[in-house]
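So you can see what is in the structure, the chains are spelled out below.
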Amino acid sequence: MLRHLAQELRNMPFVKILIPYMVGIVAGMSFEVANSVLFYAISVFSFLFASWLLLGKQHYSRQYVAGLSVTVFFVLLGILNVNFNKPTDFPEYDREILLLARLSEPPAEKANSYKTVLETVFYQTPDSVRHPSKNLILTYIEKDSVAAQLHYGDYVLLKSTVAKVRNAGNPHEFDYKSYLFRKGVVSQTYMKARQWQPLDSNDANWLYEKAQTIRNDLINIYVKKGISGEELAVLQAITLGETSDITNEIRRSYVVSGGMHVLSVSGLHVGIVYVILGFLLKFLDKLRTRKSNYGIIIKAILLILFIWGFAMLSGLSPSVRRAAVMFSFFAFGQALNRPMNTINSLGASAFLLMLINPFLISDVGFQLSYIAVLFIVLYQTRLTNVLSFKRNWVKKLWELTAVSIVAQMGTTPISLYYFHIFPTWFLVSNLFIIFISTLIVYVAALLLFVSFIPFVSDWVAYALKYMVFAMNYMVEGVERLPYAAIENIYFDSVQMALWYGAILSVTSWLIFRQYRYLRFGLSMFVLIVGWSLWLNVSRHSENSLWVYNVKGGSVLQLNLGEQNVMFADSSVSQQDIEFGIKSNLLSIRNKHPKILSTDTTFQTSIFQKDSAFLQIFDEKMAIISDKKQVAHTSPTKLKVDFVLVRNNPYLSMEEIDELYDTELVIFDSSNKQNRIDRWKEECSALGQSYFSVPDSGAFCFKLY
């Protein structure tokens, strides 16, 4: 396998430099390396490469010097680029300041606020000293009539407190802090009404602003032509990448059916545009002279212009910009007409994008897009050739099926790692979803161009609306099929890597018919089974007590072999559990715990609980939610292992200290922060150990 790979890499220079560059990015995200050290190392290896060019190029024995120098150079370049792109902390946290800032993206409407990102110009501290600043701050704006008039590029003057972005700290939860960090955001604030004012100034990027204008115009056309409800929400998602109006029910239907990829403008949609336009412009391939195929060059230029025109139409969202870059390189590569150019073009586009933003390497959409396209390039033609059909429509149907199979084969391991679900009917759903979504994209573009023609636009809009309705209906039908999806699959990074090793090994055996690939693939499957068994055994034998961080609520969970119970406040929603806790439940093989109210009295052979106490084996926890629980006195202190303070009781730590002899006091997330801060000071004065769930994340205690 490695020998075949080395032979293919000779024709793919961008892939050869992409691999060490990606290694450098991962290293830069994992370790801190001073820029001075990097500059020195880059200089050394650049000197070695220059020496080889001047002195040793003719000597085969010194070829390794060039390869080693180039490889190390791009590893170091990846680390250096990460260092240059890391966002810096805002200089003033947790005190009120005056800020001048610009909206760097259009405000997105939420239930009670508008969400945007501010780019700061300067800030002024209470001592009236102004400081220049260029930081990105995640901002929520309180809803009012003034906030509704804000646009991308507007300047605002506000008085606010800036805080660091923090995660809840629950194990295996979505790492929102890192997600924002990769976008250059490490700070957040809230703009209250009457504490800010808009300025009569706007500094928007004209291209991005024009794209947003076109996007808004198209939404207005949809609404004006009578498209509304779920049809409007899905249509906006497919054509414009606007997913804020998608309901949880519709989102789940598309996830379970395997069609979630159509609900955002991405590589699929740009690929549809690329393929169909390539077919329509195929006649240009015949334009040539003896010295050049100028028709292919004209075709590539037109393809690139149409691709970026479609990107403009969809609002230039990050996902569609990435896809436009990818397919622009494909068009350029086809114009060069070189062997193995498709994969090299794929590598070139990925290298360029990660050169601009190295943190794209950890973007889920970026990973899924490139893996899907890579597998389609590698395997679609080979799979298509396995079967042959005489009828053209059957042949086209098989080609579409082959694309779906190889794309799913490539994206399944990484999808399981991130989303823990496998859609079993993906082949059935993708056949009609891809076909109908393709028609929807083109009919929506047609509606834009004929919107000023009264009767024609009405009929086009009518057809568009019922095409979306039909797609939604079929997706919901697939969701209702038996065993529509396998859910709650725990899949860690080791399993993902082993599965990719197995897939690549077995497919290499099928292609090259060399049994060493099959042996390697079978060894990967043995490791997969062994690792999965070890995870199951280790997790099932582990008993633990968890206190989770869910804003404004109490969540206490017991993982005791087969007895798994969660006690939660009524304020804790199913969405809170899905978003913040579910991933940890999967990791400890506790997929469906029994959920009870926090005040419930419950008893099993292993533990017993009431509103004031919890005992598991020999471990005892006092649960205090009311001042009355510490109002009485006792001649001796009650010995407990933990005291859990919940529901914001108005009491002091001295009162708890007088009643309980405990190793640790735990403050959960149902308490207000100012009261927790006061309790922490009182604990420090008493020499009492404490753990604040809102400050430190989930509390876990292993029970043996």
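No experiment lies behind these values; they were computed from the predicted model shown.

Here we look at the pattern of salt bridges
Here comes step 1: For the structure shown, the criterion picks out 15 salt bridges.
Here comes step 2: K134 is the salt-bridge partner of E119, the closest N and O atoms lying 2.5 Å from each other. Note that E119 is positioned in strand β3 (residues 113-124) and K134 in the loop between β4 (130-132) and β5 (136-142), a separation of 15 residues in sequence.
Here comes step 3: The partner of E682 in a salt bridge is R678, and the shortest N-O contact between them spans 3.1 Å. Of this pair, E682 and R678 both sit in helix α22 (residues 673-686), 4 residues apart, which is roughly one turn of the helix.
Here comes step 4: With relative accessibility at 30%, the residue R678 sits in the partly exposed group.
Here comes step 5: Among the charged side chains, a salt-bridge network with shared partners connects R166, D677, K680 and D695.

Structural notes on the confidence of the model for the chain
Here comes step 1: Counting all residues, the mean pLDDT for the chain is 83, and 92% of those residues have values of 70 or more.
Here comes step 2: The spread of mean pLDDT over the elements of the chain runs between helix α1 (residues 2-9), the lowest at 56, and strand β22 (residues 690-692), the highest at 94.

Overview of the nonpolar core
Here comes step 1: Counting 75 residues, the largest nonpolar core has Y222, V234, Y254, M354, I440, L464 and M471 as its most contacted members.
Here comes step 2: Dropping the residues within four chain positions of it, Y222 is found in contact with I227, L232, L235, Q236, T239, L240, A444, L447 and L464.
Here comes step 3: Among the nonpolar cores identified, the runner-up in size contains 21 residues, and L558, I616, F642 and L644 belong to it.

Things to note about empty space enclosed by the protein
Here comes step 1: Here the structure, examined in full by the defined rule, presents 5 cavities of 30 Å³ or more.
Here comes step 2: Space inside the largest cavity adds up to approximately 70 Å³.
Here comes step 3: Lining the largest cavity, in full, are V547, S554, V555, L556, F567, T598, K609, S611, I623, L644, R646 and D668.
Here comes step 4: Looking at side-chain class alone, the lining of the largest cavity contains 6 nonpolar, 3 polar and 3 charged residues.
Here comes step 5: Its volume calculated, the second largest cavity comes out at about 50 Å³.
Here comes step 6: Looking at the second largest cavity, the residues that line it are L545, L614, Q615, I616, E619, K620, M621, F642, F701 and L703.
Here comes step 7: Among the secondary structure elements, those contributing two or more residues to the lining of the second largest cavity are β18 (613-616), β19 (619-624) and β23 (699-703).
Here comes step 8: The residue inventory of the lining of the second largest cavity, partitioned by class, reads 7 nonpolar, 1 polar and 2 charged.

Thresholds, definitions, all that
Residues numbered from 1 in each chain as written. Predicted model: local features only at pLDDT ≥ 70, side-chain atom pairs only at ≥ 80, totals over all residues. Heavy atoms only, no water. Salt bridge = Lys/Arg side-chain N within 4 Å of Asp/Glu carboxyl O. Helix = DSSP H or I, 4+ residues; strand = E, 2+ residues; numbered from the N terminus. Buried < 20%, exposed > 50% of the residue type's maximum accessible area, 1.4 Å probe, protein only. pLDDT = per-residue confidence, 0-100. Core = buried A, V, L, I, M, F, W, Y, C linked by side-chain atoms within 4.5 Å. Contact = heavy atoms within 4.5 Å. 1 Å grid on protein atoms, 1.4 Å probe; cavity = no way out; pocket = protein on both sides within 12 Å on 5 of 7 lines; lining within 4 Å. Points joined across faces, edges and corners; volume = space filled by probe spheres on them. Nonpolar A, V, L, I, M, F, W, Y, C, P; charged D, E, K, R; others polar.

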